[in-house]
Structures are given as structure tokens and as C-alpha cells.
Amino acid sequence: MTDNTVETESFAPPEEFVAAANVKADEYDRADADYLSFWAEQSRDLVDWKEDFGEVLDWTNPPFAKWFIGGKLNVAYNCLDRHVLAGNGDRVAINFEGEPGDSRSFTYAELLAEVSKAANTLTDLGIKAGDRVAIYLPMIPEAMISMLACARLGAAHSVVFGGFSADALRSRIIDADARVVITADGSYRRTKATSLKPAVDEALSHGDTPVETVLVVRRTGQDVEMVEGRDQWWHETVDKASPEHECEFFDSENPLFVLYTSGTTGKPKGILHTSGGYLTQVLYSMKAVFDIKPESDVFWCTADVGWVTGHSYVTYGPLAAGVTQIVYEGTPDTPHQGRWWEIIEKYKATILYAAPTAIRTFMKWGEEIPAKYDLSSLRLLGSVGEPINPEAWRWYHRVVGGERCPIVDTWWQTETGAHMIAPLPGVMSTKPGSSQRPIPGISVDVVDDEGNSPAGPEGGLLVIRQPWPSMLRGIWNDPERFKETYWSRFENTYFAGDGARRDEDGDIWFLGRVDDVMNVSGHRLSTAEIESSLVAHPYVAEAAVVGAADDTSGQAVVAFVIVGHDVEDSPETSELLRQHVGKDIGPIAKPKKVHIVSELPKTRSGKIMRRLLKDVAEHRKVGDSSTLADASVMDQIEESVAKS
Ligand code: 6R9
């Protein structure tokens, strides 16, 4: 991204926004004075506990944290029952907009009935507290209903993004030991009915998963093969189940979900989140960062539930806060490029939370498109998933927000569960491109390679100093990897994997990942995972993958491969390998380019120097290659790339 950043440029929130804001500036001091009392107070205030907790944090066995010790709650009760009991059962919980234009809405009372039916069905299928259920669904209300039904039973869900392949689904089912899979026949994408169920059949076809039952939602009505004794239709089971379900209350540390995310090695990690702490911080961020007013706001987070943003800010955050929200199934340009703005106008959305890659796409389509719609209901905008470049920020602010909506640029991760660094919109002026400050109760720092603080003006590594309520509790089945990945670089300090720097005001600017994790359209992908997919293809001898800067998607996957001697170096081969990765991992992982080369740049110890390949992929002069075993390799690579 080439725009020049003016660090001092900032936008003050409108006076009315400040006057009505949920939190004020003194919040930081109160939290700093005693962060544990601060979180205890937030938790008691925001969460309905069936039994109060005693100790706030148990950190006697770091890095394994426990929060709100001895407390008992039910997360689904907090998202549903308590709103109905408080007399808000008639408030719309979900306005669902299908891609073909069909719509459905659920009040809180109706959603409670749906979740109760699903919970009763899962109980009939033998699911109980402590089990895992895999959810492989498109963005339809049943996705959230299924997640909440699991939470209601104290069973953990493992949502697998519907864009992932059968293989990816299979390995996640096996790792999480899931006995039930909830899926759909398919969904609508770019006006076509795409299928989902065949991927489940393929994932289970090896007979090596613990799955006993597949529950299938009918979304498109396309033909589906149902396996006798294993597969059941949602409409023949859930729809017929009782809408009454008395919930139990579980320990604060009862697992809520496992969500797989890419790491620096090939195998995705199952990030584990539990109940009380997660819900506390998610709710606090709804209050402080999104300034949520449940009676009047219409919230729209555009993320898919397959990602953590969809977990925290589609399913749990908005529903636990009791606000009305929008859920949209499809793509932003179906049937026309104004679809999002049309939805905002239709439902009078007040808060929009989206990824920078979407904003950059809209910029390309032109500002005359949003200009055709009434966006005056919006009062706050959010950004998530990757650094937002100042140019996109300004466009978002001016064109979408009509210069009246503060923008909260929220930095967080699957691992952190909820917002960690973000401006408080009623408290401070916002700066295009900066996430600014940790939210109250969170302690972050930017350190140099040795862990010294402060890091120099060019920046350093982002670390988190103190445990936080919604922190991951571990990596499923792999405590050693948990310690190694996040806690081994600096003692008792969480290493996030992001580069960052502070400006003169102390505001934080993100510089992207410092490891081999790429960020494509706000989605995390690992170079190692794509490399192993490529080398698993019989044509490929060696592969190196880099994330190259891309104007729309932030980064794009670019692969360099050495093919077998009898394989033709042709555009067809490159295309075939692209398709292979798409099929193997999922369409989002498909490389934008596959360059066939005769050598890869390696150090004398055999390490691939991806930094040099990144220079090539970003059309830059190749940097220092003096540590290469063979210095002429880069010339050969540049030559092959120029030819292709
Ligand atoms: C929520 C989510 C986490 C990684 C994270 C960082 C990048 C997310 C960002 C941001 C700069 C922001 N990231 N939000 N970078 N500014 N506002 O995206 O989780 O999919 O786990 O990705 O995304 O690099 O480390 P996840």
C-alpha cells in the first residue's frame, strides 16, 4: 500500500456521540488501578451468573489461566433466555437476508424456541456436556442456532468454514473428536446453488472419523444423498422437537468452542475457548468499543461464522448484548454491487463491522454505488482482520460514514477471543490506520527482539503482558504447542506474532505478521500449509509460498514450485496446481500465481529465503542475497517469472 500516512491526522467523534457514549475516559484509569477488580466488576455487571464466582483469576500454572473461579453460567441462557425473561422477547434478534432475496427474522423468543428444539434434538442424538459437535454450514440462521444449541448443552462446537475442503473438514473432525456434524445441502453464492453435503460425505468416506450422525439443513433443495442410519434432515428432527428446554448451568471454564486457525507449521491449531471469561470480554467490547445500545441499534458484522469474528461478533456478542442484528448469506456483488448498501438501507443498520479488503473492493467499484442508498442510519463503523490502510479508512469514513461515524479499527485474534486494541469511539479522536490503544483492562507492549521495551521507532513485536478474560485456554490436544507457540519467546508474556510500532502519542500501528502466516482478505493462511499441499501433488518436487502485497486482498498467495523433470513448464501446469490447492485446502488458499522455477533460493543450511521470493512477487529489486548457497539462483528465478 503506497499512501502516505499522516500520523497526526485525527477525527474527533461528534458531540452527541460523546455525550451518549457508554464509557468515558476515566474507564482506563479505573482499569489500570486494579485490572482484576475491573474485570470482576464488568463480569458481574454484564453476565448473568447462576452462581457467583470467587477468585477472579487463577494464574498459578501459567500459561494455563482460569477466570472467574467457581462461577456457574450458561452462555446460551445469556444470549436468549435472559432477554426474554426481561420482557424483550419480541425484539428482533436476527434479520436474515438470503442471497436470492428471501428473508426471515427471529425475535429473541422465537430464537430461544429454535435453539431449544435443536438442543433437544442433539440430546436425542446423545450429545451432552463435554462433547464436541462439528458445524459445517453456510451463513444461515441455523449456523447460529446450532452453535447456541451446543452452548446450551455445555458441548463445545467446532465450526469449520463452509469454504474449506472435505480434507480440511475431516482432519478437524478427527482432531476435535466430533460425533455429530451439522451441515446443509448447500447455499447460494453468486446466484448459484453451491453444494456442501457432498464434502461431508467425502470427509467421512474413509471411515476414520468418530462421526455417528449428520444433521442436514435444507437450504437450496438440491438433490442430496442421505446415508441410511447416519444422516437426518433438520426439518424432520429439529423442526419437530419440543421448543421447551430447561438449561443446566456449567462451570466458568467449561469449553465453549474449538476453532481451528493457521499457524506457522502445516497443521492447523484448534484454539480452545471457555465460557465465563470469553463471554465477559466479548460483552465488554460490545459495550465499550461498539458502544452498543440494545434498544435502538441494528448491528451488522459481515463476517462468516466460520471465522472467529463470526463467533464473537455475529453469534455471541450481539445476542448476549440483546441487540438486533443482520445476517447476510451471500457475496457483496449479487445481484448488484450495491447489495450491502441496500441491506443497510432496508434494515436501517446503525453499526457496520467489516474487513478492509471489502472496503478496498468497494473503493474500486466506485463511490457512486453507495451514494445511491440512504446510509444515514449508520452511527459507527468498525474494521477488522488486517491493517486498514489510511486511504481505505478515509474512504470508509467519508463515503460510508458520511463523515459523522467514528471508525473503530479493532485488533485481535482467534486466540484473544475478543477485541484487544481499539479506540473507544466516544472517548478519543480516531486516526486513519491506527488501532490506537489497548481497551481498558488489557496490557500490551511493543518490544524489540530481545524483549526490551520500548522498541525503537521502526517498531518491534506486539506482546500482551497480563492474562485477559477471553484468552485462549490452550491448543486442543496439544499443550506443548500452546506453550511453544505463544509463551516461549518471552517469559510469561504472550507473543502475538504481529509487528507493531507506537507513534509519539503512544498509539499503536500494525505492521503485519512477523512469522510465516499470511493474511488474505482478512483470513489467516499458513505458508507451510499451502507448501505441503503443493508438494503432495505428484508434479511438484519443491515449493515455497509467500504472501505478496495486493491492493485488494491485502496479501495474495504466490507460489514458486519446482516440478518433476517430466512435467511440462506451462501455464496449464500452473493452473492445475492452483486448482489442486483450491480443492485440497479451500478456494481461499488457491494461489493467485504459481511460478514454475528451476531452483529455490536457499541458505547454506538449506533454509528457503522467502524474503527474496517476496521481493520478486512484489516486483521489487531483490534484497541482500549474500547468504544464499548459490547467488545466481535469484537471476534464474527472475528470468522464469518474467517469462510467465
Ligand atoms: C480477528 C481476526 C488475527 C491476525 C492478527 C493480525 C491480523 C486482525 C487487525 C489485524 C491489523 C487489525 N489483524 N485485526 N491487523 N489491524 N485491526 O482477524 O482473527 O483470523 O485469528 O487473525 O489478523 O495479524 O494477528 P484471526
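Rules of the game
- Every chain begins its residue count from 1, and numbering advances along the sequence as written.
- The predicted origin of the model limits local features to residues at a pLDDT of at least 70 and limits the giving and counting of side-chain atom pairs to 80 or more, whereas totals for whole chains, interfaces and linings rest on all residues.
- Only hydrogens and water are removed before side-chain values are computed, so all heavy atoms of the structure are retained for them.
- UniProt positions are given in the numbering used here, feature names are shortened, and annotations may be inferred rather than shown by experiment.
- Buried, partly exposed and exposed residues are distinguished by accessible area as a fraction of the type maximum, computed with a 1.4 Å probe on protein chains only: under 20%, between the cut-offs, and over 50%, respectively.
- The contact criterion used is simple: two residues touch if any of their non-hydrogen atoms lie within 4.5 Å.
- Being near a molecule or strand, for a residue, comes down to having at least one heavy atom within 4 Å of it.
- Here a polar contact is taken to be a pair of N or O atoms separated by no more than 3.5 Å, where protein atoms must pair a possible hydrogen donor with a possible acceptor and residues adjacent in sequence count only if both atoms sit in side chains.
- Surface accessibility in these figures is a Shrake-Rupley result with a 1.4 Å probe; residues are shielded only by whichever protein chains are displayed.
- For helices the rule is a DSSP run of H or I covering at least 4 residues; for strands it is a run of E covering at least 2, with both sets numbered from the N terminus onward.
- Asp, Glu, Lys and Arg are counted as charged, while Ala, Val, Leu, Ile, Met, Phe, Trp, Tyr, Cys and Pro are counted as nonpolar; the rest, among them Gly, fall into the polar class.
- When DSSP finds two or more bridges between a pair of strands, those strands are recorded as paired.
- In this analysis an axis means a line fitted to C-alpha atoms, helices contributing only their contacting stretch, and an angle means the value between N-to-C directions, from 0 to 180 degrees.
- We call a crossover right-handed when, viewed with both strands directed away from the observer, the connection leading from the first strand over the helix to the second proceeds clockwise.
- Comment on the angle field: the value is read as roughly parallel under 35 degrees, roughly antiparallel over 145, roughly perpendicular from 65 to 115, and oblique elsewhere.

Trainee: Looking at this structure, how should I read the UniProt feature "binding site: CoA" (unreviewed entry) in the protein chain?
Mentor: The feature "binding site: CoA" (unreviewed entry), as given by UniProt, occupies Thr 309 and Ser 521 in the numbering adopted here. What stands out for the annotated residues spanning 213 residues is how close their C-alpha atoms remain, the widest pair being 13.2 Å apart. The exposure class of Thr 309 is buried, given its relative accessible area of 12%. Here Thr 309 is in contact with Cys 301, Ala 303, Val 314, Tyr 353, Val 384 and Trp 412, once residues within four sequence places are set aside.

Trainee: Would you mind going over the site of the ligand with me for this structure?
Mentor: Near the ligand lie 18 residues; those nearest to it are Asp 409, Thr 414, Asp 498, Arg 513 and Arg 524. Thr 410 is positioned such that a nitrogen or oxygen atom in its backbone is 2.8 Å from a nitrogen atom of the ligand. Asp 498 is positioned with one of its side-chain polar atoms (N or O) 2.5 Å from an oxygen atom of the ligand. Burial of the ligand by the protein amounts to 97% of the accessible area it has alone, namely 530 Å². For the shell around the ligand, the elements supplying multiple residues, two or more each, are α12 (308–321), β20 (407–410) and β25 (508–513). The residue makeup of the shell around the ligand, split by class, is six nonpolar, seven polar and five charged.

Trainee: Help me out: how do you make sense of the sheet that holds strand β16 (residues 298–301) in this one?
Mentor: To summarise the sheet geometry, strands pair through backbone hydrogen bonds and adopt either a parallel or an antiparallel arrangement. In spatial order, the strands read β5-β4-β17-β16-β18-β19-β20; together these seven strands make up an open sheet with mixed pairing. Each edge of the open sheet is held by one strand with a lone partner, namely β5 (103–107) and β20. Ignoring which end each strand starts from, the neighbouring axes of this sheet average 15° apart. When strand β19 (residues 380–384) meets β20, the two strands line up parallel, connected through four bridges. Counted as the bridge partner of Leu 381 is Ile 407 from β20. Sitting on the sheet, helix α7 (residues 141–153) is in contact with β4 (92–97), β5 and β17 (324–328), with an inclination near 30° to β5.

Trainee: Mind showing me how you'd approach the pairing of β20 here?
Mentor: Strand residues, when the strand is regular, have side chains that alternate between the two faces of the sheet. Side chains Ile 407 and Asp 409 project from β20 onto one buried face, and the interleaved Val 408 and Thr 410 project onto a second face that is buried too. One crossover worth recording links β19 to the parallel β20 by way of helix α16 (residues 390–400), and it is right-handed.

Trainee: I keep staring at the packing of helix α3 (residues 35–46) against helix α11 (residues 276–288) and nothing clicks. Help me out?
Mentor: For any two helices packed against each other, one specifies the inter-axial angle together with the distance between the axes. Close contact between α3 and α11 brings their axes to 9 Å; oriented N to C, the two are set at 85°. On the basis of their axis angle, the class for α3 and α11 is roughly perpendicular. Contacts between α3 and α11 involve Phe 38, Trp 39, Gln 42, Ser 43, Asp 45 and Leu 46 from the former and Thr 280, Gln 281, Leu 283, Tyr 284 and Lys 287 from the latter. Classifying every residue of the contact of α3 with α11 gives five nonpolar, four polar and two charged.

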